Structures are given as C-alpha cells and as structure tokens.
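# Close look at the chain arrangement
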Amino acid sequence: MDVIIAHYKHEKPTPSQVQSYLKRQGWLKHAPTVEDILLYWEASEKPKPDAIERKIQSFVKTQQWPGLAVVDDPVKGQKVVTLQDFKKGDYICDYHGPVISAKEGERLMRSVEQNEMGYLYFFLDRGNKRLCIDAQNVPCSCHSELPTTYGRKINHSRKRPNLKPMVKYFPDDTRPHILFSANKAIDAGTELLFDYGVTRKSFSGEGADLPWIDE
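Residues numbered from 1 in each chain as written. Predicted model: local features only at pLDDT ≥ 70, side-chain atom pairs only at ≥ 80, totals over all residues. Heavy atoms only, no water.

In this section: the overall build of the chain. Helices and strands together make up the secondary structure of the chain, namely five helices and 10 strands. Residues counted as buried form 38% of the 215 residues belonging to the chain. Taking the contacts inside the chain whose residues are at least 6 apart along the sequence as the reference set, 63% of them involve residues at least 24 apart. Of the roughly 13600 Å² that the chain leaves accessible, carbon and sulfur atoms contribute 51%. (Helix = DSSP H or I, 4+ residues; strand = E, 2+ residues; numbered from the N terminus. Buried < 20%, exposed > 50% of the residue type's maximum accessible area, 1.4 Å probe, protein only. Contact = heavy atoms within 4.5 Å. Areas by Shrake-Rupley, 256 points an atom, 1.4 Å probe, with all protein chains shown as cover.)

Spatially, three strands are ordered β4-β6-β5 in an open sheet, and the strand pairing comes out antiparallel. This sheet does not close on itself; its edge strands, each paired only once, are β4 (99-101) and β5 (120-124). Adjacent strand axes in the sheet meet at a mean angle of 35°, parallel and antiparallel pairs treated alike. Docked against the sheet, helix α5 (residues 102-111) engages β4, β5 and β6 (130-134), running at close to 90° with respect to β4. (Pairing = 2+ DSSP bridges. Axes fitted to C-alpha atoms, helices over the stretch in contact; angles between N-to-C directions.)

What the three strands build is an open sheet, ordered β3-β9-β8; its pairing is antiparallel. The open sheet terminates on both sides in strands that have one partner only, identified here as β3 (91-95) and β8 (163-170). Direction aside, neighbouring strands of the sheet carry axes that sit 40° apart on average. Sheet topology note: the β3/strand β9 (residues 173-182) ladder contains four bridges and is antiparallel.

Below, the discussion takes up α5. An α-helical segment advances 3.6 residues per turn. Residues three or four places apart therefore align on the same side. Those residues of α5 not exposed but buried are Ala 102, Gly 105 and Leu 108. Within α5, the buried residues cover an arc of 115° as seen down the axis, which keeps them to one side. Structural note: α5 exposes Lys 103 and Arg 110 on the side pointing more than 90 degrees away from its buried face. Buried residues belonging to α5 abut β4, β5 and β6. (Arc of directions from axis to C-beta.)

The linkage connecting Val 138 with the following residue, Pro 139, adopts the cis geometry, with an omega of -10°. Positive phi values are uncommon outside glycine, yet Gln 63 reaches one of about 60°. Relative to the helices and strands, Gln 63 is located in the loop between α4 (49-62) and β1 (68-73). For Gln 63, a relative accessible area of 5% gives the class buried. Despite not being glycine, Asn 128 has its phi angle at roughly 65°, a positive value. On the basis of relative accessible area, Asn 128 is assigned to the exposed category, the value being 58%.

Let us look at the pairing of β5. One face of the sheet, then the other: side chains in a regular strand alternate in exactly this way. For β5 and β6, the ladder comprises five bridges, and the chain directions are antiparallel. When the bridges of β6 are listed, Tyr 121 appears paired with Ile 133. The turn joining β5 and β6, which pair antiparallel and follow one another in sequence, is formed by five residues; a positive phi near 65° is taken by Asn 128.

To continue, consider the side chain of Asp 73. With respect to the helices, strands and loops of the structure, Asp 73 is situated in strand β1. Taking relative accessible area as the criterion, Asp 73 reaches 14% and is therefore assigned buried. Side-chain polar atoms of Asp 73 contact the side chain of Lys 79, separated by 3.2 Å. Filtering out sequence-adjacent residues up to four positions away, Asp 73 remains in contact with Gln 78 and Lys 79. (Polar contact = N/O pair within 3.5 Å; in protein donor to acceptor, adjacent residues only side chain to side chain.)

Below you can see the structure in the form of structure tokens.
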C-alpha cells in the first residue's frame, strides 16, 4: 500500500484512479482495498517551484524524460506513448534541437524531399522574433548516444491534442525552449499528440493532399 500512496505524492487520487492503478499492477492476492488507500493517504510536501524548474531543466539537458516510450505504429511509423499517468499541466518533454533563425528554417524546409517528414518547429521568442528549432538530424549533436528525442516523434492531431507547446526560459539560460505540457489528464498507455498548427493552405498549398492534417 505504501507504494501506491507514494505514487500519488501530492494530490489525493480519486477512487477510479486508485482502481485503475490496482488493475494495471495485476495484483490478484493481498491487494489493499481502494477504501484503505484513500483512508491512509497523506499529502507529501510539494516541491518548491525552483526545485521543479531545476528538475525540468535537467530533463531538457539530459533528454531523460520519465514515463515515455517511442514505439512502432503500423500506420504512422512511430509514435510516443506514456508509461505512467500525467496530470493536467505537467511538463511532458521538449522539442529538442538547436535554435536557428526562421529564415534558415525555411531554407531547410524547402530542402526536405516531398515524401519526407520535416522536423522543424517555428515559434516567436519573448522579443517577438520568429525563430525555429531544428530537429532534422538524429542523433542530435549534443546527445549522440540517443537514437532520437521524444518531441520530434510526437504525431499531429487537430481534433484530439493532449499536449500544448509553450516557449520556456530558465533563469540561468537565455535560450528559448519549447516544452510540451499536458492540456488534460493523460493515462498510461496513451499516445501523445499536439496540433502542428498546419492547414491545407500550408506549404504553399501543397498540404491540400495531406490526409493527416484534419485528423
């Protein structure tokens, strides 16, 4: 039971969350009851905001984001799925790569073959300057030991996104980072999706023949 209580350190779980957790563990004998878990649950001290910032910054630096996996998909090729539950507002991962100018990003986009995926993320920094994160190359130059990074493998959904991208700065780092936060509670075993912000008029009208845009 202590293991279960520790899983929900800061916010008391609902009965359905506890029941779901117990079911995933596959316990058939000596399993605590939902009522006992809720009775003995006590909140741990919440980490201070600066401690959370340091932890997120560490994940950005190491790319060791917890609770995620890249798996094969028969239709999409690959996708990112969760291995644990996440709460609304949790930072899930970042879109990782060097920051380049939007002009350079557009040049790279034009060089991508028509049947290839482009791993470029355009955004506005806090000075309203248009920039781009270049995640085209794998492995990336700063993580040569990793076959890929999670952010670049997250698929698009305009109708069912469960992630929201945002520009993030850390106190001791002037570089902008794109972090994905959960826009709803996300259960373990869920595919991560975000809206790429493209329409059928994107890519100089070439998006008209891309069926995934409206999904």
